[in-house]
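The chain contents come next:
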Amino acid sequence: MERVYNPKEIEKKWQKIWEEEKAFAASQDFTRPKYYALVEFPYPSGQGLHVGHPRPYTALDIVARKRRMEGYNVLYPMGWDAFGLPTENYAIKNHIHPRIVTQNNVKRFKEQLQTLGYSFDWDREINTTDPNYYHWTQWIFLKLFKAGLAYKAEMPINWCTSCKVGLANEEVVNGRCERCGAEVVRRVKSQWMLRITEYADKLIDGLDTVDYIERVKVSQKNWIGRSHGAEVDFPIKGKQETLRIYTTRPDTLFGVTYMVISPEHPYLTKFSDEIRNLDEIRAYQESASKKSDFERSELAKEKTGVKIDGLTAVNPVNGQEIPIWVSDYVLMSYGTGAIMAVPAHDERDWEFAKKFHMPIIQVVESAKGAVDVNQAAFTDVATGRMVNSGFLTGMEVEKAKEAILNYLEKEGIGTKKTNYKLRDWVFSRQRYWGEPIPIVKCPKCGYVPIPEDQLPLELPDVESYMPTDNGESPLAAMRSWVETTCPCCGGKAERETDTMPQWAGSSWYFIRYTDPDNRQALASKEAMEYWLPVDWYNGGMEHTTLHLLYSRFWHRFLYDQGVVPCAEPYRKRTSHGMILGENGEKMSKSRGNVVNPDDIVNEFGADTLRTYEMFIGAFDLSAAWSQEGVRGCRRFLERVWKLRDLVVDETPGELTADGYSRALETKMHQTIKKVSNDYESLKYNTGIAAMMSLINEFYKAGKVTREEFRTLLILLNPVAPHITEELWESAGYEGRLYQAKWPAWDEAKTVESVLEIAVQINGKVRATIQLPADVSKEDAIAAGKAAVADRLTGTIVKEIYVLGRLVNLVQK
RNA sequence: GCCGGCGUGGCGGAAUGGCAGACGCGGCAGACUCAAAAUCUGUUUAUGGUGACAUAGUAUGGGUUCAAGUCCCAUCGCCGGCACCA
């Protein structure tokens, strides 16, 4: 064995051995307890692996390796989310088929991941672009279609001017494309949509049954945006029709001073004959339609609007006549596109009322004291009590809501209504490199699904992948593929030419890992019943309202269809923080602060990179890269390496003669406990710190017993698998380290035999004393008093002893 | 604006309400070396003191408690998400 620590050599050696021995293959023995650990599979980009990737991968590799040592049958898989725009764009630019580009990128990514020594079960590798995989992506789409959850709609979509593709709402960030940052404009197009809104309640309520970190739950809830309220019909003066509005504050109905409808509201057309200032209204509609959604919200500071001359609403609870306005602060896409304005108790209405000099009527007062609704809207529901509100006057807000809802329903004026911010999922992309949507459009039969036995519908080879400005997919130009016959009537028909978004393949990939080669089904019942749900899923916060929500939707749907055995796909979800550049900024080529993982592996070794990324700081917070920090971790591993020179053939716990052993035994048990717990709770940094501290003790003692060294190797193995496996072999321990059993700690042995007790007077430490572990409260206090006798000048009014920690004497 | 999270040495960061600063980095001093690097040892919150020690100290101001970085109230600052959703 080498004298010096040479990671290049030993890392290759062990990676080869693990592969040959199939060390980390998940067993199909369904009688053993299972553990399914999952990390988000990467998009194999041309840039190769980023130093951000190893952070979550190492974290769950630690968990997976520990679980195997604890006797679980572990599934820790990896694959490729390989459909996507960058690949397609690269293919166009360099005239290479996207399939080839993908193959090359996957190869590079896989090599890079393999140099890091992850315990992935590579036999289960999957690729979303493999027809045997997307067969089942298409199959799920057909299920959705048949269940009425996939539909085609003519609607304004978010069109990225640079990618030349429609985007889902979730993919638009501040009016710009999430991917490329280019401006997003509205375009009307016929699109495939998925009715995720149908699942809004299930997606919110399901969150109560899973163990996700709080901020993930909160953002999903906010994104779905469920609110409870009422729809109320306001009669229009002199007409049969009523104006239906949505409100979450029906209790404030007596405070309505005007109404507002959205510029797109159909009544503006329907009642155009009645409207006397039609030109003005048309002009306003025109200017509103020119604004993008982004501009509309950007200009939120300044409200605009026009009063409709000729239409008047009537308040159904008190008969008061109310003017109707048009303003773009009311959105057609939420609620009914019309609101009742209560400026006294809504900030937006208040602002609008101030600008256009509308009356402000207070109908809620605060139990805490006077409020002046001419200065600001009063929106506090908790302390509110009704005034000026007819039969509601005197009630608390919550009571009043109930009372008015009952009244509205009884009188047939309104109904309870729940609304959501969530919109249906735009599922079409006008690009080549995605799963073809398995639908045929027949002039007689409409949209017809392709028979299941004809799946997968493979992507044809086309000559040009160039995106088109007219919004058609490149597939549309391939007539021989487009022209087909209707599966229903046999007549001439055309294929759908849009493809699925990148989120399709990743919405169910964790199911495929349980049975990746199945040709009859997306996975066998037995495999799904055994492996699902995923026990621990870690991924980026940026996927909270995209991938995570989409995949929960699909899974819940499959559960309702009886395909999968559980309602929620992931039992536990955690998130890692970003790794920033050395200057604390996000890593990017333009900032020149990118760190390449290959360079770190070459210079320091994979074990150092793994250790460093786990030691860098709290797992869920972002952390800046530090080359000096990397060096420190390498130094730690060097010290572990050299520790073998200090190994002595002695039994731990029996060497009290030199006074070192008992203390070390305690430290050992404390470390086993700390490391075991920290690996479970994402506190890798303190777990590693505990091991550093332990070996510092070994160095101080000048020796380490065979048993202690063995335990240390097991504890460190999940973090630094290669060096520990090598040391294990050279020290001659039995079998392979990866087959070893995770050590247990003895709680009794984690307690120090000699207690260091702080003695405080009035909370300030005045002395430190040593006492035997089994000291009584009385003796501890007496010893404490003795230690600070010269300072005890007053009367002691209280004596506190905190077991094993301190004595506090309170004197006057 | 709303919702989350955070604020601790020169730096990354530790602390079930119980001795703040574990562990690492960097610095300083020493050992080894002709020398340097690497390695090892010691030291490292600030102020005062040769020293034991004393005093102050976890963004700011209050409060609860025998005891507060930790709990409560208010303020300031930073980061992330959502943003006219009635």
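All values derive from a computational prediction rather than experimental measurement.

Colleague: Describe empty space enclosed by the protein, with residues and values.
Modeller: Inspection of every chain in the model, using the stated rule, returns two cavities of 30 Å³ or more. Roughly 250 Å³ of volume is contained in the largest cavity. For the largest cavity, the lining is made up of 20 residues, of which L85, E171, R179, R429 and Q502 are closest to its centre. Sorting the residues of the lining of the largest cavity by element identifies α3 (85–94) and β6 (165–167) as the ones contributing at least two each. Considered class by class, the residues forming the lining of the largest cavity number ten nonpolar, four polar and six charged. One number sums up the size of the second largest cavity: a volume of about 30 Å³. What lines the second largest cavity is F24, R65, R68, M69, N717 and Y738.

Colleague: Describe the pairing of strand β22 (residues 446–449), listing the residues and the values that go with them.
Modeller: Relative to β22, strand β21 (residues 439–442) runs antiparallel, the two sharing four bridges. Its bridge partner lying in β22, I439 is registered against P449.

Colleague: I'd like to hear about the protein's contact with RNA strand B, residue by residue, with values.
Modeller: The full set close to RNA strand B counts 50 residues, and T248, K303, Y329, R348 and K421 are the nearest of them. At 2.8 Å, a side-chain N or O of Y334 approaches a phosphate oxygen of RNA strand B. Take R766: an N or O atom from its side chain is 3.2 Å from a phosphate oxygen of RNA strand B. Ranked by residues supplied to the surface near RNA strand B, first place goes to helix α21 (residues 684–701) with five residues. Of the residues that constitute the surface near RNA strand B, the class distribution is 20 nonpolar, twelve polar and 18 charged.

Colleague: Quick rundown of helix α5 (residues 131–146)? Include the residues and the values.
Modeller: With 16 residues, α5 should reach 22 Å at 1.5 Å per residue; the first-to-last C-alpha distance of 22 Å fits that figure. When α5 is considered as a whole, its buried residues turn out to be Y133, Y134, H135, W136, T137, Q138, W139, I140, F141, L142, L144 and F145. A distance of 2.9 Å separates the backbone nitrogen of N132 from a side-chain oxygen at the start of α5, and that oxygen is part of D130. Following α5 by one or two positions, G148 adopts a phi angle in the positive range, close to 80°.

Colleague: Outline the sheet that holds β21, listing residues and values.
Modeller: With antiparallel pairing, the four strands of this open sheet are ordered in space as β22-β21-β24-β23. Each edge of the open sheet carries a strand with a single partner, namely β22 and β23 (483–485). Sheet twist, expressed as the mean angle between neighbouring strand axes with direction ignored, is 45°.

Colleague: Kindly report on the nonpolar core, identifying the contributing residues and their values.
Modeller: The biggest cluster of nonpolar side chains holds 166 residues, and the ones touching the most others in it are F141, W425, I511, W554, W625 and Y684. In terms of residue count, α5 provides more of this core than any other element does, nine residues in total. Judged by nonpolar contacts, the second largest core, of 55 residues, contains F271, V306, I324 and V397.

Colleague: Describe in detail the packing of aromatic side chains, supporting the description with residues and values.
Modeller: Under the defined criterion, the tally for this structure stands at 49 aromatic pairs. Ring geometry for F427 versus W554: centroids 6.2 Å apart, planes at 40°, classification tilted. On the criterion of sequence distance, the pair formed by F427 in the loop between β20 (425–426) and β21 and W554 in helix α16 (residues 547–560) is long-range, its members being 127 residues apart. Neither F427 nor W554 differs from the other in exposure class; each is buried.

Colleague: Could you give an account of the packing of helix α17 (residues 597–604) against helix α19 (residues 627–642), naming the residues involved and the relevant values?
Modeller: Running from N to C, α17 and α19 point in directions that differ by 40°, and their axes come no closer than 11 Å. One way to sum up the angle between α17 and α19 is to call them oblique. Judged by the twist between their axes, the crossing of α17 over α19 is right-handed. Residues I600, E603 and F604 of α17 form the contact with α19, whose own contacting residues are Q627, V630, R631 and R634. For the contact of α17 with α19, a count of residues per class yields three nonpolar, one polar and three charged.

Colleague: Can you break down the environment of I616 residue by residue, with the values?
Modeller: For I616, the position within the fold is in the loop between α18 (606–615) and β28 (623–624). Under the relative-accessibility criterion, I616 is labelled buried at 18%. Residues I616 and N685 lie 69 residues apart in sequence; the distance between their C-alpha atoms is 6.7 Å. Once you skip the residues sitting within four places of it in the chain, I616 turns out to touch R55, I579, A623, A624 and W625.

Colleague: An account of the environment of P131 is requested, with residue identities and associated values reported.
Modeller: Within the fold, P131 resides in helix α5. C-alpha of P131 to C-alpha of P456: the two residues are 325 residues apart in sequence and 6.1 Å apart in space.

Colleague: Just give me the short version of the environment of A23, but keep the residues and values in it.
Modeller: When you line up the elements, A23 lands in the loop between α1 (7–20) and β1 (34–39). Assessed through its relative accessible area of 14%, A23 is described here as buried. As a C-alpha pair, A23 and S119 span 96 residues in sequence and 8.0 Å in three-dimensional space. When residues no more than four places from it in sequence are discounted, the contact partners of A23 are W18 and Y738.

Colleague: Quick one: what's the story with the sheet that holds strand β19 (residues 414–419), residue by residue and with numbers?
Modeller: Pairing is antiparallel across the open sheet formed by three strands, whose spatial order is β12-β11-β19. Of all strands in the sheet, those bounded by a partner on one side alone are β12 (242–247) and β19. Each strand of the sheet is rotated relative to its neighbour by a mean of 30°, with strand direction disregarded. With six bridges joining them, strand β11 (residues 227–235) and β12 adopt antiparallel strand pairing. Bridge pairing links P235 to T242 in β12. Of the strands in this sheet, β11 and β19 are in contact with helix α12 (residues 397–411), which crosses β19 at around 120°.

What counts and how
- Residues numbered from 1 in each chain as written.
- Chains lettered and ligands numbered in written order.
- Predicted model: local features only at pLDDT ≥ 70, side-chain atom pairs only at ≥ 80, totals over all residues.
- Heavy atoms only, no water.
- 1 Å grid on protein atoms, 1.4 Å probe; cavity = no way out; pocket = protein on both sides within 12 Å on 5 of 7 lines; lining within 4 Å.
- Points joined across faces, edges and corners; volume = space filled by probe spheres on them.
- Helix = DSSP H or I, 4+ residues; strand = E, 2+ residues; numbered from the N terminus.
- Nonpolar A, V, L, I, M, F, W, Y, C, P; charged D, E, K, R; others polar.
- Pairing = 2+ DSSP bridges.
- Near = heavy atom within 4 Å.
- Polar contact = N/O pair within 3.5 Å; in protein donor to acceptor, adjacent residues only side chain to side chain.
- Expected span 1.5 Å × (residues − 1).
- Buried < 20%, exposed > 50% of the residue type's maximum accessible area, 1.4 Å probe, protein only.
- Axes fitted to C-alpha atoms, helices over the stretch in contact; angles between N-to-C directions.
- Core = buried A, V, L, I, M, F, W, Y, C linked by side-chain atoms within 4.5 Å.
- Phe/Tyr/Trp six-rings, centres within 6.5 Å; stacked < 30°, edge-to-face > 60°.
- Parallel < 35°, antiparallel > 145°, perpendicular 65-115°, else oblique.
- Left-handed = near helix turned anticlockwise from the far one by under 90°.
- Contact = heavy atoms within 4.5 Å.

So yeah, pure geometry; function would need other evidence.
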